[in-house]
Amino acid sequence: MSRPSHTDPFPLFRPIHARIDFDALRHNYLRTRELAGEAKMWAVIKANAYGHGITRVARALGRLADGFALLDLEDAVRLRESGITQPILLLEGFFSPTDLPEIAARELSVVVHTEEQVEWLHASSLPVAARISLFLKVNTGMNRLGILPARAPAMLERLRAWPHAGVIGLMTHFADADGERGVTTQLDRFAPVRAGFNGPVSMANSAALLRFPQTHADWVRPGILLYGASPATEYASAADIGLRPVMRFEGKVISEQHLQPGDRVGYGGTFTAERAMRVGTVACGYADGYPRHAPSGTPVAIDGARSTLVGRVSMDMIAVDLTGLPRAGLGSVVELWGEHVTLDEVADWAGTANYELVCALALRVPAVEVGQAELPDAAALSSAAVMR
Ligand SMILES: *Cc1c(COP(=O)(O)O)cnc(C)c1O
């Protein structure tokens, strides 16, 4: 059942959707580019573009993006098939030597983060002309991926000796770019590896890009900034940074209940009305990606006016306070996050990160695309036109 109309963009039978604003996405890309100075940008679109839809985001950024970074070979192939010609970087590299022919055929770039991967390269057999660009990942303190700095010279030698090596770059990743410790220790460990190296270097995620210009180097790797949320909410809000929210998560009120003092709401009766109240039941629950740990008091916006969640989040429904909003009721649009209620606020209330909320958006929630869907010619697009 499809009921598209100007005033009622909810596309499915069940009134819930995530509006994805392409103009905001491009605005954020260009704002991030301003912050990144001379560095090129891999638009990080892992985790289904942080819940925004990987092919949708790639299509909307189009030729504006210098490159794309993601995890899955299948996703990378899909991007190539949809006409994306920029560099595509596989952030976790490859998982088996048998991945290499496809990686070469699709001209993908890979992170190399273990000595085993280096040996797999040498053991592979590829067409003579095949070239793969490689970013050697150095573990400077995150202790997640990467070889130790002391091993980097030997590994770089080994990569240079591989006949199919294209461009060879260096990369590291910061553990505390959003926190008090910052990047100093990791930069210090990386410095001797970089010294005398003349290929491309990539270090910064969104938080480093924002807070530490000395990390910009040749390629930055912003993710969360592109989606209009802050990578370091303690230092700057999304609005402070000049970002616009890309996702607006909305449902509708499908039932209205009138409570007397002492009445309870939802499973476990965790919320008790202290006065006469009107509550609305919204078609949105944790199975849609709304955080189950969001407590009573978490902000929502009802037809644009701020109110709060009451009671426990159910699988498919939540309750919101309609008292004091006389015009709100059945059919009212409830924004869970987006324009009037920021993603960062909801994350705070739910005790989680903005990243987790958008990534957890359920596949059953349909996307409604807002703004210009595709860039006919990104080169002709002036930043002024997009930034407004
Ligand atoms: C996810 C990721 C990024 C992007 O992180 P943000 O904080 O969203 O900017 C950059 N680099 C690597 C290696 C990543 O895994």
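None of the values given here were measured: they were computed from a predicted structure. All residue numbers refer to position in the chain's written sequence, counted from 1. For this predicted model, a pLDDT threshold of at least 70 governs which residues receive local features, and a threshold of 80 or more governs which side-chain atom pairs are given and counted, while totals over whole chains, interfaces and linings are taken from all residues. The basis for every side-chain value is the complete set of non-hydrogen atoms in the structure, without hydrogens or water.

## As for the overall build of the protein
Okay, so step 1: Numbering goes from the N terminus for both helices and strands, where a helix is a DSSP run of H or I of at least four residues and a strand is a run of E of at least two. Each helix and strand counted, the protein has 13 helices and 18 strands in total.
Okay, so step 2: Computation of the radius of gyration draws on C-alpha atoms, with the globule rule given as 2.2 Å multiplied by the number of residues to the power 0.38. A compact globule built from 388 residues would reach a C-alpha radius of gyration of about 21 Å, and the protein, at 23 Å, matches this within 12%.
Okay, so step 3: With respect to the principal axes defined by its C-alpha atoms, the protein has extents near 75 × 45 × 40 Å.
Okay, so step 4: Summary of the burial criterion: residues with accessible area below 20% of their type's maximum are buried, those above 50% are exposed, and those between are partly exposed, where the area comes from a 1.4 Å probe applied to protein chains only. A burial count over the protein gives 52% of its 388 residues as buried.
Okay, so step 5: It only takes one pair of heavy atoms within 4.5 Å for two residues to be counted as in contact. The contacts in the protein between residues at least 6 apart in sequence include a share of 66% that link residues at least 24 apart.
Okay, so step 6: Where accessible areas are quoted, they stem from the Shrake-Rupley method and a 1.4 Å probe; at the residue level, only the protein chains shown are allowed to cover. On the protein, roughly 17,200 Å² of surface is accessible, and the fraction owed to carbon and sulfur atoms is 51%.

## Section: the layout of surface pockets
Okay, so step 1: We place a 1 Å grid over just the protein atoms. Points where a 1.4 Å probe fits but has no way out form a cavity, open points with protein on both sides within 12 Å along at least 5 of 7 lines form a pocket, and any residue with an atom within 4 Å of a point lines it. Grid points are joined across faces, edges and corners, and a volume is the space filled by probe spheres set on the points. Volume-wise, the largest pocket comes out at about 760 Å³.
Okay, so step 2: Around the largest pocket sit 36 residues that line it, and Lys46, Tyr50, His173, Asn205 and Tyr355 are the ones nearest its centre.
Okay, so step 3: Taken together, the elements giving at least two residues each to the lining of the largest pocket come down to α2 (46–50), α9 (206–211), α11 (343–350) and α12 (354–359).
Okay, so step 4: Residues that form the lining of the largest pocket fall into these classes: 19 nonpolar, eight polar and nine charged.
Okay, so step 5: In terms of domain composition, the lining of the largest pocket takes at least three residues from each of domain 1 (37–229) and domain 2 (247–370). As a working rule, the residues Ala, Val, Leu, Ile, Met, Phe, Trp, Tyr, Cys and Pro are called nonpolar, Asp, Glu, Lys and Arg charged, and the rest polar, with Gly in that last group. Segment limits for the domains were obtained from an automatic or database-derived domain assignment.

## A few points about a negative patch on the surface
Okay, so step 1: The grouping of Asp178, Glu180, Glu234 and Asp348 at the surface amounts to a negative patch.
Okay, so step 2: Look at aspartate 348 and you get exposed, because its relative accessible area is 60%. Only residues whose relative accessible area exceeds 30% and that form no salt bridge enter a patch; like-charged residues are grouped when within 9 Å of one another, and nonpolar side chains (Val, Leu, Ile, Met, Phe, Trp, Tyr) when within 5 Å. Salt bridge, as used here: a side-chain nitrogen of Lys or Arg that lies within 4 Å of a carboxyl oxygen of Asp or Glu. Asp and Glu are treated as the negative residues and Lys and Arg as the positive ones, with His and the ends of the chain left uncounted. To locate a charge, take NZ of a lysine, CZ of an arginine, CG of an aspartate or CD of a glutamate.

## Thoughts on the pattern of salt bridges
Okay, so step 1: The final tally for this structure, using the stated rule, is 21 salt bridges.
Okay, so step 2: Residue aspartate 23 is joined to arginine 26 by a salt bridge in which the shortest nitrogen-to-oxygen separation is 3.0 Å. Of this pair, aspartate 23 and arginine 26 both sit in helix α1 (residues 22–36), three residues apart, which is roughly one turn of that helix.
Okay, so step 3: The partner of aspartate 176 in a salt bridge is arginine 181, with the nearest N and O atoms 3.0 Å apart.
Okay, so step 4: Its relative accessible area of 66% is what places arginine 181 among the exposed residues.
Okay, so step 5: It is possible to trace a salt-bridge network through shared partners that takes in Arg14, Asp288, Asp316 and Arg364.

## Examining the side chain of lysine 137
Okay, so step 1: Tracing the backbone through its elements, the reader meets lysine 137 in strand β6 (residues 132–137).
Okay, so step 2: Glutamate 92 provides the closest opposite charge to the buried, unpaired lysine 137, separated from it by 8.1 Å.
Okay, so step 3: Setting aside residues no more than four positions away along its own chain, lysine 137 makes contact with Val111, Val112, His113, Leu145, Gly146, Ile147, Met171 and His173.

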